[in-house]
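What follows is each chain in one-letter form.
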Amino acid sequence: MIKPGAVPTRSAPTVFVAGAAVGMLGGMIGLGGAEFRLPLLIGLFGFAALSAVILNKAMSLVVVLTALPARLSTVSAGELSAHWAVAANLLAGSLLGAWAGATWVLRMRTATLYRVLAALMVLMAAALVLTHATPLGAFALPGAVRIGVGIAAGFGIGVVAATMGVAGGELLIPTIVLLYSIDIKTAGSLSLLVSLPTMLVAFARYSQDASFVVLRQNLPFTANMVAGSVTGALLGGLLLGAIPDLVLIPVLAVILLISAIKLSRHTE
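Residues numbered from 1 in each chain as written. Predicted model: local features only at pLDDT ≥ 70, side-chain atom pairs only at ≥ 80, totals over all residues. Heavy atoms only, no water.

(A) Focus on helix 7 (residues 143-164). Between its terminal C-alpha atoms helix 7 stretches 31 Å, which fits the 32 Å expected from 22 residues at 1.5 Å a residue. Among the residues of helix 7, Gly150, Gly154, Ile157, Gly158, Val159, Val160, Ala161, Ala162, Thr163 and Met164 are the ones counted as buried. (Helix = DSSP H or I, 4+ residues; strand = E, 2+ residues; numbered from the N terminus. Expected span 1.5 Å × (residues − 1). Buried < 20%, exposed > 50% of the residue type's maximum accessible area, 1.4 Å probe, protein only.)

(B) Geometry of the packing of helix 1 (residues 12-28) against helix 11 (residues 219-238). Interaxial distance between helix 1 and helix 11 falls to 6 Å at its minimum, and their mutual angle equals 35°. Crossing hand, helix 1 versus helix 11: right-handed. The residues of helix 11 that touch helix 1, namely those facing Ala12, Val15, Phe16, Ala18, Gly19, Ala20, Gly23, Met24, Gly27 and Met28, are Phe221, Asn224, Met225, Ala227, Gly228, Ser229, Thr231, Gly232, Ala233, Leu235, Gly236 and Gly237. Split into classes, the residues belonging to the contact of helix 1 with helix 11 amount to 12 nonpolar, 10 polar and no charged. (Axes fitted to C-alpha atoms, helices over the stretch in contact; angles between N-to-C directions. Left-handed = near helix turned anticlockwise from the far one by under 90°. Contact = heavy atoms within 4.5 Å. Nonpolar A, V, L, I, M, F, W, Y, C, P; charged D, E, K, R; others polar.)

(C) Representation of the packing of aromatic side chains within the structure. Inspection of every chain in the model, using the stated rule, returns 3 aromatic pairs. Note on Phe45 and Phe221: the rings are 5.1 Å apart at their centroids and 80° apart in plane angle, and the pair reads as edge-to-face. Taken together, the residues Phe45 in the loop between helix 2 (34-43) and helix 3 (49-74) and Phe221 in helix 11 connect sequence positions 176 residues apart. In this structure Phe45 comes out as buried when scored by relative accessible area, which is 0%. With 5.2 Å between their ring centres and 75° between their planes, Phe203 and Phe212 make a pair best called edge-to-face. Here Phe203 matches Phe212 in class, with each residue buried. Counting every residue linked through ring pairs, the aromatic cluster contains Phe45, Phe47 and Phe221. The ring of Trp99 carries Arg205 above its face, with NZ or CZ at 5.6 Å from the centroid. (Phe/Tyr/Trp six-rings, centres within 6.5 Å; stacked < 30°, edge-to-face > 60°. Lys NZ or Arg CZ within 6 Å of the ring centre and 35° of its normal.)

(D) Up close: the environment of Val230. As for its placement among the helices and strands, Val230 is situated in helix 11. Overall, the relative accessible area of 23% leaves Val230 in the partly exposed class. Residues Val230 and Met24 lie 206 residues apart in sequence; the distance between their C-alpha atoms is 8.5 Å.

(E) Geometry of the packing of helix 5 (residues 84-107) against helix 7. Running from amino to carboxyl end, helix 5 crosses helix 7 at an angle of 35°, the nearest separation of the two axes being 6 Å. For the pair helix 5 and helix 7, the sense of crossing is right-handed. Looking at side-chain class alone, the contact of helix 5 with helix 7 contains 13 nonpolar, 9 polar and 1 charged residues.

Here is the structure:
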């Protein structure tokens, strides 16, 4: 946490290395790592909560756009098109949730936003453990009920993704597996197809607010961290499986929980 009056360290090498570390953590578990980037933006680089969320959203958007072609090389467009109804079902809720979540954040008091972000960090830690360290079955739901639950789940995920500035894969992947009985590899690619338009909606909402100027004021910082994140994600992908999930996942969950505790203590 930056002490009052202290000048945050934002040198180019530090920013790149921090982005690379985030990307590598995400790459090692098949995610973008934005949930790890957010506390760094606040704690290490000294951005206020709303500014950090907007910057995180912009970086997440670029990372998802970069990751999408790579995912399509492992799961073909034809395979994904067979599940278009799943993506449409989730998007019916997530697009509305993204707009609502961004609007909510823009109206929220700063101290409240820190507490909300801390609570969502705990949620992300739980989702991480659920997705990677426990076997996922599928719910046997009637078609109409599944559609309703899918819209509701999509709305909630859209709100969370907009609030934290993340892609939401940590929540989308287990939702797709549990609700639609789709294998986790295909679910990972489908999550990106749902995440991209959902993120664009939240990004569009943030762009209407005066606070969006933080992105223009920090373009070199953003570009540098994105470059680090993409580099780290590629390295993390190569290291996928190098560390057993039984070791890696608890460590990452603890990192998120520690970040949540630190964020909850922010007041300004």
